[in-house]
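Okay, here's what each chain looks like letter by letter:
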Amino acid sequence: DAMVIQNPRYQVTQFGKPVTLSCSQTLNHNVMYWYQQKSSQAPKLLFHYYDKDFNNEADTPDNFQSRRPNTSFCFLDIRSPGLGDAAMYLCATSGGRGNNEQFFGPGTRLTVL
Amino acid sequence: AQSVAQPEDQVNVAEGNPLTVKCTYSVSGNPYLFWYVQYPNRGLQFLLKYITGDNLVKGSYGFEAEFNKSQTSFHLKKPSALVSDSALYFCAVSPGMDSNYQLIWGAGTKLIIKP
């Protein structure tokens, strides 16, 4: 089945230690998104790619970076995680054809010690 | 500013009763409207969408939603609630072709179905 896969599902890191979260998709979608979600709040968009075009939200901290080496994969790098970065990180994709229906992965729960 | 409102943080319903989760929006143009559900420690799952056509949209797990353009609402409904429907529900709106591929999200409504 076509899907969005996130690895790992749970990630524990130490304060200040860089961490990379992975997302892959078999939907062949043009657009990939990274969201941060804290404690049952609405997901907060960090950035998205349309193909290789990167779009950063204005309030996304510089501590968060992303890479999309090809259509299928997208990575979220947190350069120096702080306690406030503990959250669920959601990857999503869409076909980019106007209605913007988004397909989500299961998420990565990040814990910062 | 464009926005989506889910006026209830939490909705409590007895099993077997009908449920409604409310959503209103303030978006220019002809928006596309979505409902997603999230179970604990899981990603968001698509429930249904309105793009155009019939105002009553049917989706997964017996849910439906009614688009009301004059009231700018897109309330989620189900005729008979199940305990397994207990989850977090998000309404989201795409402003249409000029959306830059983004959705505007409501704050979410926690639905609790009591046996």
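Scroll up for the structure.
Parameters and conventions
All chains use their own residue numbering, which begins from 1 and follows the written sequence. Chains carry letters and ligands carry numbers; both start at the beginning, A for chains and 1 for ligands, and go up in the order they are written. Local features in this predicted model are restricted to residues whose pLDDT is 70 or higher, and side-chain atom pairs enter the listing and the counts only when it is 80 or higher, whereas totals over whole chains, interfaces and linings include all residues. No hydrogens and no water enter the side-chain calculation; it runs on all heavy atoms of the structure. Residue contacts follow a heavy-atom distance rule, with two residues in contact if any of their heavy atoms lie within 4.5 Å. By buried area we mean the combined loss of accessible area, with a 1.4 Å probe, across both parts when two parts are placed together. A side-chain nitrogen of Lys or Arg and a carboxyl oxygen of Asp or Glu constitute a salt bridge if their distance falls within 4 Å. For the purposes of these results, a polar contact is taken to be a pair of N or O atoms within 3.5 Å, where, inside protein, one atom must be able to donate a hydrogen and its partner to accept one; residues adjacent in sequence count only when each atom of the pair is a side-chain atom. Here a helix means four or more residues in a row that DSSP labels H or I, a strand means two or more in a row labelled E, and each is numbered from the N terminus. For this scheme, ten residues count as nonpolar: Ala, Val, Leu, Ile, Met, Phe, Trp, Tyr, Cys and Pro. Four count as charged, namely Asp, Glu, Lys and Arg, and the remainder, Gly too, count as polar. In this text, buried Ala, Val, Leu, Ile, Met, Phe, Trp, Tyr and Cys residues form a nonpolar core when linked through side-chain atoms within 4.5 Å. Under the scheme applied here, a residue whose accessible area is under 20% of the maximum for its type counts as buried, over 50% as exposed, and between as partly exposed, the area being computed with a 1.4 Å probe on protein chains only.

Across the contact, 24 residues belong to chain B and 27 residues belong to chain A. Taken over both partners, the interface formed by chain B and chain A buries close to 1,900 Å², and the fraction arising from carbon and sulfur atoms is 52%. Per-residue buried area on chain B facing chain A is highest for Asn41(B), Tyr101(B) and Trp105(B); these three make up 33% of the total on that side. Inspection of the chain B/chain A interface yields one salt bridge. A salt bridge links Lys49(B) to Glu101(A), with the nearest nitrogen and oxygen atoms 2.7 Å apart. The interface formed by chain B and chain A holds eight residue pairs in polar contact (both at pLDDT 80 or more) in total. For the side of chain B that touches chain A, the leading source of residues is strand 5 (residues 32-38) of chain B, giving four residues. In the side of chain B that touches chain A, the residues fall into 13 nonpolar, nine polar and two charged.

Let us now look at the nonpolar core. Grouped together as the largest cluster of nonpolar side chains are 28 residues, with contacts concentrated most on Leu19(B), Trp35(B), Leu47(B), Leu48(B), Phe74(B), Leu76(B) and Tyr89(B). Elements supplying a minimum of two residues to this core: strand 2 (10-14), strand 3 (19-21), strand 5, strand 6 (44-50), strand 8 (64-68), strand 9 (73-78), strand 10 (87-94) and strand 12 (109-114) of chain B. Counting residues per element, this core draws most heavily on strand 10 of chain B, at four residues. In contact with Leu76(B), not counting residues within four places along its chain, are Leu19(B), Thr20(B), Val21(B), Trp35(B), Leu47(B), Leu48(B), Phe63(B), Glu64(B), Ala65(B) and Tyr89(B). Counting residues in hydrophobic clusters, the runner-up holds 18 residues, among them Val19(A), Leu76(A), Leu110(A) and Val112(A).

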